[in-house]
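Coordinates in review
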Amino acid sequence: MKTTYALLASVLTFGAWAQQNGPAINGNIETTFQYLNEDPVIEATQPPQKGLLNSYMNVFYNDGKFKAGLRMESYLPRIQGYPSTFDGTGLGMRYIGYQNDFVDVTLGSIYEQFGNGLAFRTYENRALGYDNFLDGARVIIKPGRGLKIKGVYGYQRQAFLEGQIVHGKGLVRGLDAEWNINSFKESWKNKKLNVTIGASFVSKYQKDDREDLILPENVGAYGGRIAMRYKKFTLNGEYIFKGQDPSFDNSDIYNTGHAAVINFGYSQKGLGIMLAAKSVDNMSFRSDRDEKLQNVLINYLPAMNKVHSYNLVASLYPWATQPVGEIAYQGEIVYTAKKNKKVFGKYGTTFNANVSTAYRPNRDVSVYNPLDSNGIAYKTGVFDMSDSLYWRDVNFSIYRKLNKALNLRVSYFNITMNNNVNKVAAYGKGYINVNVAVLEVGYKINKKHSLRGEFQTLFINKVEEHVVDSYGDTTLQSVLNDRGNWITGLIEYNVSPHWFFSVMDQINLENKASVYSVNHIVDPSVKNVDIFGANLPGVHHFYFSVGYIRESTRITIGYGRQRAGLFCVGGICRTVPASNGLTLSFTQSF
Amino acid sequence: MKKGIFIIGLFAMMFTSCDKVDNIYPPYTNTTDLDYSLYPNGGEQEYLANEWPTFTANTNTDRNIMIEDYTGHKCNNCPNAAVVAEALKDANPTRVFVSSVHASPEGLGSFQQVDATYTDDLTCAEGIEYGKHFGALEWTGSPFWGNPYGSVTRNSENTGYPVQAHNTWTSTTTTLMTANDLKVNIQAATNYFSSTRGLFLHTELEVLDANLTSDLYIVAQLIEDTLVGPQKMQDNSTNYTYVHHDIFRGCLDGRAFGQKLDAAHIDDAGKYHYNYSYKLPDQYDVTNMHLLIYVRDASTEEIYQVIKHNLE
């Protein structure tokens, strides 16, 4: 611990000296405090400490050739829903490095990505509670003519416990080469066709600690990629192959794995088109074969579905990437029509349509013989798709600015999700199908004052459900899937540039008919009241928030109920349990 | 050119660091390294010479039944299920055994948590694993949504899943006992040394059914016979003198799902030996404990046989 604080003091002292002498120091601070109440209506629990605190501070130093950075983190204890791998106060990230035009060397905590990340990506997402940096060394060499070579070596951050970084069991080694062909010759640099190619190799080592199996101790993943740009078109693709990697995720099978992505894009003024495809099988790649959830993932499999922002769409039924296998497609078109003022208005109208799907890979299990000793469970191929639907999202929105003060956005979402595969809804059964409609209105009162409102509805399918009563008797009922239907209302009031106020209510309408209620709200002593003590129809989740912004400082206070849901970023999700209480947050950049 | 050769060389070097396994099974061993420091009268050689048991032919012809009761001390409906389990055990004391697992589908649920009133922690890590594994949160479609729930030797015929509600435990038990389809036999011997609180368990597993093609796992559970402590009752009152029965306290080797006998090594009528050493924690009275030793099918989860064995 002494060493930690000595390092912190020396970096800060050096930083203070450096700030006076030119080099840049920047960073940010964020603190979130929660005081939570017990609320049996929404199954929110009060932690024994009642108060919870997440804090961190990043400090980055740069003088062009020398660089250093660190992050102090504090979880006393962590806020609700944050992974249990965050605990205590201490130095959670630190690095030093040197770079010039030819070489870039970093020792310490490494964040890096090869290509699309299919073979290797270490990154941090504070909101998600995700941090898998590589603790070791990275060297980047730029020999010239568009060539860049990266090498990484180290152990991953698996957890932060009692203020200490805890490493994963496996050693990770990686090498990546990328070459922008246009940079090879001066005369090629201005060509309309721009091409970059690359190749990656990543290997992990973990000791074979099983008595009953012979495990591969060195597991490699390798492949290549190409990215092209021609005028308004872009096309890129990557393919990664992974060797035998029996693990908790794949139930100790000895199949090899693959991941492939293809992205196509076209954009011009007023029009954007995007098409994408992904094929993944047995591609969970961790530096500890026994780990699960989001721990020590070496690679990153990008989500192939739109990230929604409206809360009923974004956090009730989001799709999480399936590293064990999925074939996914996505298409999106954005078009702004302006030519016909009578139809599309003075400011034009923007149309957005998006479709994404994911299917189970087709797996030929006839090759599997339980008495065989090769451990191969099935056979499949790249983009070899079955008809078993995992996910489908069809959505569109229309945005129109009616006049200088008023704008409208109407959106519709139809989502079908296989809850048996992507276990998002604890009480959901089989396929969940929801129709969500959203009306968003923005109104600018004057230069300083503006209003924004949202009205959202979510209607869910019905399922046949065996309901067991307290005497063990079972009856078959047709009930709304998961937690039933919802509506949400939100009003935001902004006083520029410092203040904002918002009030939101999310209402679980069908609580009495849902599977959730039938099976779980059975305690007669629990009264269905909202935070004001009123017994309104449905389960209400009122939430109030006030924020103050001054330059790079932001203070937010929120109070009320927050329903359980999933918070997802890029296909990586964490469960956020229901809560009732006060949340204070403070952010500062410098 | 030199740079190209250098890069190709680097990649080639790394490619060679991939392992390929053609035969995934190591040379077969069916014993566990034992902790002979728990043997007060010498070391390994002395134990082998003086204490190691020799099994005779297993003449048992009955398939025994294990009732798993997923319960919680704050679950007001759970005593109803416990009554069913105890009645089955009392009616068939040599063939029906109970393991009361304090766990819910989310593992440690609100029914199992301790607080100022319900101070006894009746959970264990392996029980939490069972709850999660068989519960609907992890096992797609499982009807195990809340407590009380359970299983009858994890037989799936009733619900399509290896769990079922307590209102069907009696009929399933009767059906299975009548069918008496014994696929695997188990016998066991123990040596307990009070001075070190050291327990040595020796088991012999005999595969009787030549058609078994799945991996089998042998599990040794430590069970506390009775404990008096608070229990929430159906009327939401608290019974402070409730007698908890057959509390699952953990597995001797810490492996919730047991040690593996892989399918590739199962021979017809083969006999396999699994041995354990275990230090009984100070909190337990050896006379109030017993073992449940069972064999499960890795594919179906069904428990083919279970035996009860005292520690002493």
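Residues numbered from 1 in each chain as written. Chains lettered and ligands numbered in written order. Predicted model: local features only at pLDDT ≥ 70, side-chain atom pairs only at ≥ 80, totals over all residues. Heavy atoms only, no water.

1. Examining the overall build of chain A
- Helices and strands together make up the secondary structure of chain A, namely 4 helices and 32 strands.
- In chain A, the proportion of contacts linking residues at least 24 apart, taken out of those at least 6 apart, comes to 62%.
- Put simply, chain A shows about 27000 Å² of open surface, and 59% of that area lies on carbon and sulfur atoms. (Helix = DSSP H or I, 4+ residues; strand = E, 2+ residues; numbered from the N terminus. Contact = heavy atoms within 4.5 Å. Areas by Shrake-Rupley, 256 points an atom, 1.4 Å probe, with all protein chains shown as cover.)

2. A closer look at the overall build of chain B
- Along chain B, the regular secondary structure elements total 5 helices and 11 strands.
- Expressed as a percentage of the 312 residues in chain B, the buried residues total 56%.
- Of the contacts made within chain B by residues no fewer than 6 positions apart, 72% connect residues no fewer than 24 positions apart.
- Just so you have it, chain B exposes about 13100 Å², and 51% of that area is on carbon and sulfur atoms. (Buried < 20%, exposed > 50% of the residue type's maximum accessible area, 1.4 Å probe, protein only.)

3. Some remarks on the pairing of strand β3 (residues 149–152) of chain B
Residues and elements named next belong to chain B.
- Burial along β3 is two-sided: Y149 and S151 facing one way and G150 and V152 facing the other are all buried.
- Of the pairings in the sheet, the one linking strand β1 (residues 65–71) to β3 comprises 4 bridges and is antiparallel in character. When the sheet's bridge partners are listed, I67 is paired in β3 with V152. (Pairing = 2+ DSSP bridges.)

4. Remarks on the sheet that holds strand β9 (residues 271–279) of chain B
Residue and element names in this part refer to chain B.
- The 3 strands are arranged β4-β5-β9 in an open sheet whose pairing can be described as antiparallel. The open sheet has two edge strands with one neighbour each: β4 (184–193) and β9. Sheet twist, expressed as the average angle between the axes of neighbouring strands with direction ignored, equals 15°. (Axes fitted to C-alpha atoms, helices over the stretch in contact; angles between N-to-C directions.)

5. Quick look at the state of the cysteines
Residue and element names in this part refer to chain B.
- All told, the structure shown has 1 disulfide over all chains when counted by the stated rule.
- A disulfide bridge connects C75 with C78, and the sulfur atoms are separated by 2.1 Å. The chirality of the disulfide connecting C75 with C78 is right-handed, given an S-S dihedral of about 85°. C78 carries the same exposure label as C75, and that label is buried.
- Just so you know, C124 is unpaired, no disulfide at all, and the nearest cysteine sulfur is the one on C251, 7.1 Å from it.
- On the basis of relative accessible area, C124 is assigned to the buried category, the value being 11%. (Disulfide = S-S within 2.5 Å.)

6. A short note on the pattern of salt bridges
All names here are of chain A.
- Evaluation of the coordinates by the stated rule reveals 38 salt bridges over all chains.
- Notably, a salt bridge pairs D245 with K204, separated by 3.0 Å at the nearest N-O pair. Of the two residues, D245 is situated in the loop between β15 (233–242) and β16 (257–268) and K204 in strand β13 (residues 193–205); the sequence distance between them amounts to 41 residues.
- Judged by its relative accessible area of 2%, D245 falls in the buried class.
- A residue is classified by how much of its surface remains accessible, and K204, at 2% relative accessible area, is buried.
- The closest approach of N and O atoms between K278 and E326, which form a salt bridge, is 2.9 Å. With K278 in strand β17 (residues 271–281) and E326 in strand β18 (residues 325–337), the pair connects residues that are 48 residues apart, well separated along the chain.
- For K278, a relative accessible area of 1% translates into the label buried.
- What you see here is one network of salt bridges that share partners, running through R71, E73, E124, R126, D131 and R157. (Salt bridge = Lys/Arg side-chain N within 4 Å of Asp/Glu carboxyl O.)

7. Here we look at the environment of Q322(A)
Residue and element names in this part refer to chain A.
- Checked against the element boundaries, Q322 lands in the loop between α2 (311–314) and β18.
- Along the backbone, Q322 and I572 are 250 residues apart, and their C-alpha atoms lie at a distance of 9.5 Å.
- Ignoring any residue separated from it by four or fewer positions in sequence, one finds Q322 in contact with V280, Y390, V421 and N422.
- A polar atom in the side chain of Q322 sits 2.8 Å from the backbone oxygen of A320. (Polar contact = N/O pair within 3.5 Å; in protein donor to acceptor, adjacent residues only side chain to side chain.)

8. Examining the packing of aromatic side chains
- This structure, assessed with the given rule, holds 38 aromatic pairs over all chains.
- Ring centres of F542(A) and F544(A) lie 6.4 Å apart, and the angle between their planes is 10°; this geometry places the pair in the stacked category.
- Since its relative accessible area comes to 16%, F542(A) is described here as buried.
- Taken together, the ring pairs connect Y36(B), Y39(B), Y47(B), W52(B), F193(B) and F200(B) into an aromatic cluster.
- The ring of Y378(A) has R363(A) lying over it, and the distance from NZ or CZ to the ring centre is 4.7 Å. (Phe/Tyr/Trp six-rings, centres within 6.5 Å; stacked < 30°, edge-to-face > 60°. Lys NZ or Arg CZ within 6 Å of the ring centre and 35° of its normal.)

9. Here's the deal with the side chain of Q34(A)
All names here are of chain A.
- Mapping Q34 onto the fold places it in strand β1 (residues 24–36).
- At a separation of 3.1 Å, a polar atom in the side chain of Q34 contacts the main-chain amide nitrogen of Q80.
- With sequence-adjacent residues up to four places away left out, Q34 is seen in contact with K50, G51, L52, I79, Q80, L582 and T583.

10. Re a nonpolar patch on the surface
Residues and elements named next belong to chain A.
- A cluster of nonpolar side chains, W499, F501, V546, I555, I557, L584 and F586, forms an exposed patch at the surface whose accessible area comes to about 540 Å².
- Every element with two or more residues in the nonpolar patch is listed here: β27 (499–508), β29 (553–562) and β32 (579–589).
- Considering the arrangement of structural elements, one finds L584 in strand β32. (Patch = residues over 30% accessible without salt bridge, like charges linked within 9 Å, V, L, I, M, F, W, Y side chains within 5 Å.)

11. A closer look at the confidence of the model for chain B
- Averaged over chain B, the pLDDT score is 89; the fraction of residues at 70 or greater is 90%.
- This stretch, residues 27–31 of chain B, has a pLDDT under 50; its non-local contacts, to residues over four places away or in other chains, come to 9 contacts. (pLDDT = per-residue confidence, 0-100.)

12. Points about the pairing of strand β7 (residues 238–251) of chain B
All names here are of chain B.
- Of the pairings in the sheet, the one linking strand β6 (residues 216–232) to β7 comprises 10 bridges and is antiparallel in character. In the sheet register, L227 faces β7, and the bridge partner there is H244.
- Hairpin connection, β6 to β7: the antiparallel pair is bridged by 5 residues, and N236 has positive phi, about 70°.

13. A few points about a positive patch on the surface
- Taken together, the side chains of K341(A), K346(A), K401(A), K404(A), K444(A) and K447(A) make up a positively charged region of the molecular surface.
- Note on placement: K401(A) falls in strand β20 (residues 385–401). (Lys, Arg positive; Asp, Glu negative; His and termini not counted. Charge placed at Lys NZ, Arg CZ, Asp CG, Glu CD.)

14. Some details on the environment of A57(B)
All names here are of chain B.
- Mapped onto the elements, A57 comes out in the loop between α2 (44–50) and β1.
- Exposure remark for A57: the relative accessible area of 58% places this residue in the exposed category.
- Sequence separation between A57 and Q187 is 130 residues; the distance between their C-alpha atoms is 9.4 Å.

15. Digging into unusual backbone geometry
- Residue P497(A) follows S496(A) across a cis peptide bond; omega there is 5°.
- Mapped onto the fold, P497(A) is located in the loop between β26 (486–495) and β27.
- Across the junction of N147(B) and P148(B), the peptide omega takes the value -5°, indicating a cis bond.
- With respect to the helices and strands, P148(B) occurs in the loop between α4 (125–134) and β3.
- Despite not being glycine, S251(A) has its phi angle at roughly 60°, a positive value.
- Considering the arrangement of structural elements, one finds S251(A) in the loop between β15 and β16.
- For S251(A), a relative accessible area of 59% corresponds to the exposed category.
- One non-glycine residue with positive phi stands out, namely L293(A), at about 50°.
- Mapping L293(A) onto the fold places it in the loop between β17 and α2.

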